[in-house]
Amino acid sequence: MDLFNPDIRVVNVLPSDGIVHYFGPVLSPKEANFYLNCLLATIAWKNDEAIIFGKHIITKRKVAWYGDAEYQYTYSNITKQAFRWTKELLALKHLVEQLTGNTFNSCLLNLYHNGEEGMAWHSDDEKSLGRNTSIASLSLGAERKFGFKHKKTKQTTWLMLEHGSVLVMKGTTQSNWLHSLPKTKKVNEPRVNLTFRTIVT
Ligand SMILES: O=C(O)CCC(=O)C(=O)O
Ligand SMILES: [Fe+2]
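Residues numbered from 1 in each chain as written. Chains lettered and ligands numbered in written order. Predicted model: local features only at pLDDT ≥ 70, side-chain atom pairs only at ≥ 80, totals over all residues. Heavy atoms only, no water.

A short note on helix α2 (residues 87–100)
An α-helical turn contains 3.6 residues, so any two residues separated by three or four positions project in the same direction.
Phase 1 of the analysis: Taking 1.5 Å per residue, 14 residues should reach 20 Å; α2 reaches 20 Å between its end C-alpha atoms and fits that length.
Phase 2 of the analysis: When we look at burial in α2, the residues that qualify are Glu88, Leu89, Leu92, Lys93, Leu95, Val96, Glu97, Leu99 and Thr100.
Phase 3 of the analysis: Looking one or two residues beyond α2, the residue adopting positive phi is Gly101, at roughly 75 degrees. (Helix = DSSP H or I, 4+ residues; strand = E, 2+ residues; numbered from the N terminus. Expected span 1.5 Å × (residues − 1). Buried < 20%, exposed > 50% of the residue type's maximum accessible area, 1.4 Å probe, protein only.)

So this is what it looks like as C-alpha cells:
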C-alpha cells in the first residue's frame, strides 16, 4: 500500500516523560472511507463488559479483539475472545508497522457510535503489554479530540485525531501519562479506532 503522504513530518505531542508521534492522515480519504465501511460491516463488534466493584458494567461503545491467533484472555474479570486477523486488518497492521518500525501481534478495535461515547482517562499499562511497549492507534471516521494528562504534574495536552490518521505511544508514555477520548455533543458520526499492541505471554 502506498502511504498517502510520503513527506510526513512527525510531531512529538508530549513535552516530556514519554513519546507520542502523530503522523496525521496516512490513508487518502477514499482509502479511509473504504476501511471505515468495511470494518463497520465485517468486524465482530460487541459491547464491552467489565465487573467493577462487583458490578456488571456493559459499555455503549463496542469493541473487538483480533490477533495472530485465536486466544482468550481475561481483563476486568471477564474472558474475551480474540479472532484471527481479517484481510483488511492485516493490511492496516502492515501499514502501521511500516510507518512506525514496530511489529504488533494483536489489535483492540473500538467503535464509538457518536460523541456520546468516549473513553475515560486511563493508561494501557496492563502486565500483558510489557513495559515501555509501543501502541499504534489508527483512527477512522469522525474526527475526535484526544488528550494526554501527566500522572504527577497533571499537565494536559490535546490533539485532534483525523480520519485515516496514525498516532503512536512509545517509551515511558504509559507509565507517566493518562490518555482519554472525551465525550462531545458536537459529533454525531461514528468513529472506529484500532489500537495495535504486542501482547506478551
Ligand atoms: O479511541 C481511541 O482513540 C483510544 C482508545 C484507547 O485508548 C484504548 O483502546 O486503550
Ligand atoms: Fe488506551
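A few points about the layout of surface pockets
Phase 1 of the analysis: The space that makes up the largest pocket amounts to roughly 620 Å³.
Phase 2 of the analysis: Along the walls of the largest pocket sit 31 residues, with Asp48, Arg61, Met119, His122 and Asp124 positioned nearest its centre.
Phase 3 of the analysis: Contributions of two or more residues to the lining of the largest pocket are made by β3 (46–52), β4 (55–67), β7 (106–112), β8 (119–122), β13 (177–181) and β14 (191–197).
Phase 4 of the analysis: Tallied by class, the residues present in the lining of the largest pocket amount to 13 nonpolar, ten polar and eight charged.
Phase 5 of the analysis: For the second largest pocket, the calculated volume is near 240 Å³.
Phase 6 of the analysis: Lining of the second largest pocket is provided by 13 residues; of these, Lys46, Val63, Thr79, Lys80 and Gln81 occupy positions nearest its centre.
Phase 7 of the analysis: Counting residues per element, the ones that place at least two in the lining of the second largest pocket are β3, β4 and β6 (78–84).
Phase 8 of the analysis: It is β6 that contributes the most residues to the lining of the second largest pocket, five residues altogether.
Phase 9 of the analysis: Here the lining of the second largest pocket is composed, by residue class, of six nonpolar, three polar and four charged. (1 Å grid on protein atoms, 1.4 Å probe; cavity = no way out; pocket = protein on both sides within 12 Å on 5 of 7 lines; lining within 4 Å. Points joined across faces, edges and corners; volume = space filled by probe spheres on them. Nonpolar A, V, L, I, M, F, W, Y, C, P; charged D, E, K, R; others polar.)

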